[in-house]
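Structural characterization, general
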Amino acid sequence: MQDRGGALGRLIRWRASSRLAPYLYVLPALAALALWNYYPLVFLVDLSFHRLDATSPTPTWVGLENYRELFTAPLFGRVLRNTAIYTGLTVPLSIGLGLALALALNRRFPGARLFRTLFYTPVVLPTVAAATVGLWIFNSNYGLANYLLGLIGRPPIGWLTDSDHALWTIVGIGVWKTFGYFMLVYLAALQALPQSVLEAARLDGARPWDRFWSITWPLLRPTTWFAAVIALILSFQAFDFVNIMTQGGPSNATNLLVFYIYQHGFQYFRLGFAAAIAVVMFGLVYAITALVSLWFNR
Amino acid sequence: MIRILGRAVIYAAVLALAALVAMPMYWLLVSAFKASDEIFTATPRWLPATLEWSNFARAWEGAAFGRYFFNSVVVALAILLLQLTTASLAAFALARRRFRGRGIILLAVIGALIIPIQVTFLANFVTLERFGWIDSYWALIAPFTASAFGTFLLRQAFLAVPEPLEDAARLDRCTGLAFLWHFLLPLSRPTVLAFTLVALVAHWNDYFWPLIVTNRDEIRTLPIGLAMFVTQEVTTDWNLLMAATLFVAAPMLIMFFFTQRYFIRSHMHAGLKR
């Protein structure tokens, strides 16, 4: 009797635990995501309606004041323009370069593996390391870049110190650091393409160029969509190179959105105002991402 | 003839790009070995006259690099362990169990993939300040307890393990966590390794978050320590700065060169993720 009760109890416990178990398994991950990823979304929006800075150490409600100030700040327009240029250039350049290399290296290509490794290495390199080398190479007085310019008979450039050039330099480094990632994404996609279709087109005598545009490119569409979204989000996040190499200068020529947020949040300690910039930035990122997704899935 | 010419052009273009990509890294490597009088020469020296190994010792003593190194190792490993634990548990339930709300939970995990740290850092900074955790290991580690990417990656891997295997294991009383530990994780080893590498690189290299939450030198990680060394050092001892840069870069680069195929694997998933 007792034995059966014990067995029944065990059965009930087992049933109950097996029904509860999945929730216990997801709990740690879910709790952490809720606290560190989802709650901040709500908190950020709330913070953007408050003043929280040195003069007001506890948050006080100010309504839309932070946004009003942001949209009338002349610098904000400049920062938006810088970010638009940075994103508008790094996204197509890094994806385009990644695709071109993937296409080149996907065929029987002498040294393909070595090239693949080399092009991916900057992705693994810490941004701080790349920035440090960059500071030296692009130094206007004794950097390698100006020496190389001299070799082709050009006058030296203030790569990081001239406001006409600094943003281009930051764009160049950004592309240098990320295109290898997209190369690998495309290589993976190319290897998964149905070979029979490509083979059929080859037998039909389609030229490589036509084969690419009428078969490969459409088949790669989902990959390009994925790459575009990732590249967009990455480009809006650009911060490390700016903070280490230019501090947003000269005269805000390289002040990008995240650096602008950082400046207000952690140099001027105006967290409420910084939150308002962050909210606007993420409205922009998600709006653009949604548009890109719509365009790719039309 | 045109085909051969086309190939030659492509090859030349790839080579030129390779030179452009390799050049800064080559410059970093050789400069770290140069003597101080080889740094500013009218024509740059592409090879150092002698290998100046003492640069590394001098750079190491130039700042608390030992401490930074230790901190980086502790933080990266702690994050990795936490993420592997939370991700494999969650992935186990999401891939192998049916329960109410599973779809929504999976959606919440995938949704977190597109919330970058630049959205969350202001709020997380305030949260950590309330906890009194700023300037501690907790601040560097806790916000990365869970990884949406890792959870998703492992779920995909666990899905691929055939159902009959779990039934067979159950007959041998290997159920629940025992099945996860003895079957799912070992069978998903390539994915686990791929995620391990990606997570290690991401957190070893991370500059943004440690910059936000560390003020004390004793708690700084390598990237922050190096950036401070570079920007505060008024020195023009670029050979020492390059040597210090290698402290930060070398561990991940060496790891990458030896484990490339797992890195590539992590992108196979990314490419198929859609």
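Residues numbered from 1 in each chain as written. Chains lettered and ligands numbered in written order. Predicted model: local features only at pLDDT ≥ 70, side-chain atom pairs only at ≥ 80, totals over all residues.

Further remarks concern the overall build of chain B. When helices and strands are tallied, chain B shows 13 helices and 0 strands. Secondary structure elements of chain B occur, N-terminal to C-terminal, as α-α-α-α-α-α-α-α-α-α-α-α-α. Over its C-alpha trace chain B gives a radius of gyration of 23 Å, far above what one expects of a compact globule, namely 19 Å for 274 residues. Summarising its shape, the C-alpha atoms of chain B cover approximately 75 × 70 × 35 Å along the three principal directions. Burial statistics for chain B: of 274 residues in total, 41% are counted as buried. In chain B, the proportion of contacts linking residues at least 24 apart, taken out of those at least 6 apart, comes to 75%. (Helix = DSSP H or I, 4+ residues; strand = E, 2+ residues; numbered from the N terminus. Rg over C-alpha atoms; globule rule 2.2 N^0.38 Å. Buried ≥ 20, exposed ≤ 12 C-beta atoms within 10 Å, placed from the backbone. Contact = placed C-beta atoms within 7 Å.)

When its domains are assigned, chain A resolves into domain 1 (2-48) and domain 2 (73-296). Facing the 4 residues of domain 1 of chain A at the interface are 6 residues of domain 2 of chain A. (Domains from an automatic or database assignment.)

Moving on to the packing of helix α10 (residues 221-236) of chain A against helix α13 (residues 271-296) of chain A. Residue and element names in this part refer to chain A. With their axes 10 Å apart at the nearest point, α10 and α13 run at an angle of 170 degrees to one another. On the basis of the axis angle, α10 is roughly antiparallel to α13. Residues R221, W225, A228, V229, L232, I233 and F236 of α10 lie in contact with α13, whose contacting residues are M281, V285, I288, T289, V292, S293 and F296. Split into classes, the residues belonging to the contact of α10 with α13 amount to 11 nonpolar, 2 polar and 1 charged. (Axes fitted to C-alpha atoms, helices over the stretch in contact; angles between N-to-C directions. Parallel < 35°, antiparallel > 145°, perpendicular 65-115°, else oblique. Nonpolar A, V, L, I, M, F, W, Y, C, P; charged D, E, K, R; others polar.)

So, on to helix α5 (residues 127-137) of chain A. Residues three or four positions apart in an α-helix share a direction because the helix packs 3.6 residues into each turn. For α5 of chain A, a buried count of 11 out of 11 residues is recorded, marking the element as mostly surrounded by other parts of the structure. Residues T127, V128, A129, A130, A131, T132, V133, G134, L135, W136 and I137 of chain A constitute the buried set of α5 of chain A.

Among the nonpolar cores identified, the biggest contains 160 residues, and A278 of chain A together with A90 and L122 of chain B are the most heavily contacted of them. When near neighbours in sequence (up to four residues on either side) are disregarded, A90 of chain B contacts Y25, V26, A29 and L30 of chain A together with T151 of chain B. (Core = buried A, V, L, I, M, F, W, Y, C linked by C-beta atoms within 7 Å.)

Looking now at the domain arrangement of chain B. All names here are of chain B. In terms of domains, chain B is made up of domain 1 (2-54) and domain 2 (64-273). Using only C-alpha atoms to locate each centre, domain 1 and domain 2 end up separated by 33 Å. Contacts between the two partners involve 7 residues from domain 1 and, on the opposite side, 7 residues from domain 2.

Between chain A and chain B, the residue contacts involve 60 residues of the former and 66 residues of the latter. It is helix α1 (residues 2-48) of chain A that contributes the most residues to the side of chain A that touches chain B, 17 residues altogether. Taken together, the residues of the side of chain A that touches chain B break down into 51 nonpolar, 8 polar and 1 charged.

It is worth spelling out unusual backbone geometry at this point. Despite not being glycine, F269 of chain A has its phi angle at roughly 55 degrees, a positive value. With respect to the helices and strands, F269 of chain A occurs in the loop between α12 (257-267) and α13. At R173 of chain B, a position not held by glycine, the phi torsion is positive, near 60 degrees. Tracing the backbone shows R173 of chain B in the loop between α8 (163-171) and α9 (176-187).

We now examine the environment of R207 of chain A. Mapped onto the secondary structure, R207 of chain A falls in the loop between α8 (195-203) and α9 (208-219). Spatially, the C-alpha atoms of R207 of chain A and A274 of chain A are 54 Å apart, while their sequence positions differ by 67 residues.

Side-chain positions along a regular strand alternate between the two faces of the sheet. Residue and element names in this part refer to chain A. Counted residue by residue, strand β2 (residues 56-61) has 0 buried out of 6 residues, so it is predominantly exposed. As paired strands, strand β1 (residues 50-53) and β2 are joined by 3 bridges and run antiparallel to one another. Directly across from R51, in β2, lies its bridge partner T60. Following β1, the chain reverses through 2 residues before pairing antiparallel with β2. (Pairing = 2+ DSSP bridges.)

Another point: the confidence of the model for chain B. Predicted coordinates in regions of low pLDDT should not be interpreted in detail. Residue and element names in this part refer to chain B. Scored by pLDDT, chain B comes out at a mean of 88, with 96% of its residues at no less than 70. Contacts for the low-pLDDT stretch residues 270-274, under 50 throughout, to residues beyond four places or in other chains number 9 contacts. Across the interface, the model reports ipTM at 0.89; the global pTM reads 0.89. (pLDDT = per-residue confidence, 0-100.)

Take helix α7 (residues 148-159) of chain B next. All names here are of chain B. Taking 1.5 Å per residue as the helical rise, α7 with its 12 residues ought to reach 16 Å, and the 16 Å between its terminal C-alpha atoms agrees with that figure. Of all the 12 residues making up α7, 10 are buried; the element is thus mostly covered by neighbouring parts of the structure. Buried within α7 are the following residues: A148, F149, G150, T151, F152, L153, L154, R155, A157 and F158. (Expected span 1.5 Å × (residues − 1).)

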